[in-house]
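# An overview of the molecular structure
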Amino acid sequence: METYQLFQTSSCPYCVRVRAFLDANGLTIPLRDTMFDPEARAELIQGGGRTTVPCLRIERDGKVRWLYESLDIIEYLRQQLLTEKGAQSQRR
């Protein structure tokens, strides 16, 4: 099982794109605003190596991956979460 955090800012149009995808698909993941949260910004720099947002922090089996680019994030979440969500619906 994976856990996610989206590092983003409220004014970034690419972040808005990712949040709109989440909303449209009923997906909820923790949001970390790097503009107003210095700890989130520091974690993004330390873990991901740069301040670029949006960035999806993916943790699985104690390993962390940092995924940049809004369209890559959307495609990743579509594959991971929506496919899983559909499979769970079919099992019911």
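Parameters and conventions
- Per chain, residues are indexed from 1 in the order of the written sequence.
- Owing to the predicted nature of the model, reporting of local features is limited to residues with pLDDT of at least 70; listing and counting of side-chain atom pairs is limited to 80 or more, with chain, interface and lining totals taken over all residues.
- Heavy atoms throughout the structure, all of them, feed into the side-chain values; hydrogens and water do not.
- Numbering of helices and strands starts at the N terminus; helices are DSSP runs of H or I of at least 4 residues and strands are runs of E of at least 2.
- All radius of gyration figures rest on C-alpha atoms, and the globule criterion is 2.2 Å times the number of residues raised to 0.38.
- Contact criterion: two residues are considered in contact whenever any of their non-hydrogen atoms come within 4.5 Å of each other.
- Here the accessible surface of atoms and residues is derived via Shrake-Rupley with a 1.4 Å probe, and residues count as covered only by protein chains that are part of the display.
- By definition, disulfides here are pairs of cysteine sulfur atoms that lie within 2.5 Å.
- Working definition: with a 1.4 Å probe on protein chains only, accessible area under 20% of the residue-type maximum means buried, over 50% means exposed, and in between means partly exposed.
- Two strands form a pair only when DSSP identifies at least two bridges running between them.

### Some points on the overall build of the protein chain
- When helices and strands are tallied, the protein chain shows three helices and four strands.
- Secondary structure elements of the protein chain, listed N to C terminal, follow the sequence β-α-β-α-β-β-α.
- In terms of overall size, the protein chain behaves like a compact globule, its C-alpha atoms giving a radius of gyration of 13 Å where 92 residues would be expected to give roughly 12 Å.
- Seen through its C-alpha atoms, the protein chain measures out along the principal axes to roughly 45 × 30 × 20 Å.
- Intrachain contacts of the protein chain at a sequence separation of at least 6 include 55% that bridge at least 24 residues.
- With an accessible surface of roughly 5900 Å², the protein chain has 49% of that area assigned to carbon and sulfur atoms.

### Some details on the state of the cysteines
- All told, the structure shown has zero disulfides when counted by the stated rule.
- In this structure Cys15 is a free cysteine whose sulfur lies 3.0 Å from that of Cys12, the closest cysteine sulfur available.
- Judged by relative accessible area, which is 0%, Cys15 ranks as buried.
- Take Cys55: it sits in no disulfide, and the sulfur closest to it among the cysteines is that of Cys15, at 9.9 Å.
- With relative accessibility at 0%, the residue Cys55 sits in the buried group.

### What about the pairing of strand S4 (residues 63-68)?
- Bridging between strand S3 (residues 55-60) and S4 involves six bridges; their strand directions are antiparallel. By the bridge assignment for S4, Arg57 is matched with Trp66.
- Counting the residues in the hairpin turn of S3 and S4 gives two residues, including Asp61, whose phi is positive at 55°.

### Observations regarding the environment of Leu31
- Relative to the elements of secondary structure, Leu31 occurs in strand S2 (residues 31-33).
- On a C-alpha basis, the gap between Leu31 and Leu56 in space is 9.5 Å, while along the polypeptide they are 25 residues apart.
- Once residues lying within four places of it in the same chain are set aside, the contact partners of Leu31 are Leu6, Gln8 and Arg19.

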